[in-house]
Amino acid sequence: MDYSTMIHKDLIFLNEDAADRKRLFRDVAKKIQAAGYVKDTYEAALNRREDAFPTGIVFPEISVMLPHADPENVNRPFMAIVKNAQPVRVLQMGYNKPEDATAMFFLGITDSSQQVGLLQIFMDLLQNGKFVAKFKAINDPEAMYEFFVNTFKAQVAGK
């Protein structure tokens with residue numbers, strides 16, 4: 001699948017300033033819902049899922065979070081790219097150990113069979129020092145959009 005079609009310019013939020021996870025989820029969920037990508041059940045579903053199955057992941061050069069809700073809360077596929085000004089305390093996937101993340105990729109999946117493939121691409125990319133350095137350096141939403149679309153298209157092409 002070409003996951004680049006999930007990337008939308010209106011879902012790149014590089015200047016969030018939430019003090020904690022729940023506030024971040026609330027703020028981002030409102031924006032995603034206002035843009036029509038999710039139902040009004042999304043924020044609550046996002047928090048329930050994160051409480052049950054944490055999505056924080058620590059990589060050598062970055063700590064991230066890959067929050068998502070069950071498909072019935074999503075209207076159409078998306079990937080929201082978020083940077084928060086301050087670290088947000090989250091729990092690591094599979095370990096439930098605390099970590100501080102400033103990068104979050106909210107995934108809106110409508111077909112759960114696509115989830116594993118998308119997560120694998122993220123795992124590969126976030127272990128790539130060049131990708132992470134460029135991601136950290138970009139602060140312009142348009143530049144971030146182009147960077148992600150081009151990167152994901154290259155993944156599909158096998159580059």
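Scroll up to find the structure.
Residues numbered from 1 in each chain as written. Predicted model: local features only at pLDDT ≥ 70, side-chain atom pairs only at ≥ 80, totals over all residues. Heavy atoms only, no water.

Peer 1: Could you give me a rundown of the side chain of Lys83, with the residues and numbers involved?
Peer 2: In this structure, Lys83 sits in strand E4 (residues 78-91). Here Lys83 is buried and forms no salt bridge, its nearest opposite-charge partner Asp140 lying at an N-O distance of 11 Å. At 2.8 Å, the side chain of Lys83 and the backbone oxygen of Phe135 are in polar contact. (Helix = DSSP H or I, 4+ residues; strand = E, 2+ residues; numbered from the N terminus. Buried < 20%, exposed > 50% of the residue type's maximum accessible area, 1.4 Å probe, protein only. Lys, Arg positive; Asp, Glu negative; His and termini not counted. Salt bridge = Lys/Arg side-chain N within 4 Å of Asp/Glu carboxyl O. Polar contact = N/O pair within 3.5 Å; in protein donor to acceptor, adjacent residues only side chain to side chain.)

Peer 1: Explain the packing of aromatic side chains to me, using residue names and the numbers behind them.
Peer 2: What describes a pair of aromatic rings is the distance from one ring centre to the other and the angle between the planes of the rings. Scanning the entire structure with this criterion turns up twelve aromatic pairs. With 6.1 Å between their ring centres and 70° between their planes, Tyr42 and Phe78 make a pair best called edge-to-face. Here Tyr42 is found in helix H2 (residues 42-52), whereas its partner Phe78 is found in strand E4, with 36 residues between them in sequence. For the pair shown, Tyr42 and Phe78 are each scored as buried. For the ring pair Phe131 and Phe147, a centre distance of 5.0 Å and an interplane angle of 25° mean the geometry is stacked. (Phe/Tyr/Trp six-rings, centres within 6.5 Å; stacked < 30°, edge-to-face > 60°.)

Peer 1: Residues and numbers for the nonpolar core, please.
Peer 2: Judged by nonpolar contacts, the single largest core of 32 residues is most densely connected at Phe105, Phe122, Phe135, Phe148 and Phe152. Those elements that place two or more of their residues in this core are strand E1 (7-16), strand E2 (56-59), strand E3 (62-65), E4, strand E5 (98-108), helix H3 (115-126), helix H4 (129-137) and helix H5 (141-157). Residues Ala45, Val74, Val82 and Val90 belong to the second largest nonpolar core, which totals 24 residues. (Core = buried A, V, L, I, M, F, W, Y, C linked by side-chain atoms within 4.5 Å.)

Peer 1: So what's going on with unusual backbone geometry? Residues and values would help.
Peer 2: A positive phi angle, close to 55°, is found at Asn96, a residue other than glycine. Within the secondary structure, Asn96 is located in the loop between E4 and E5. On the accessibility criterion, Asn96 (46% relative accessible area) is partly exposed.

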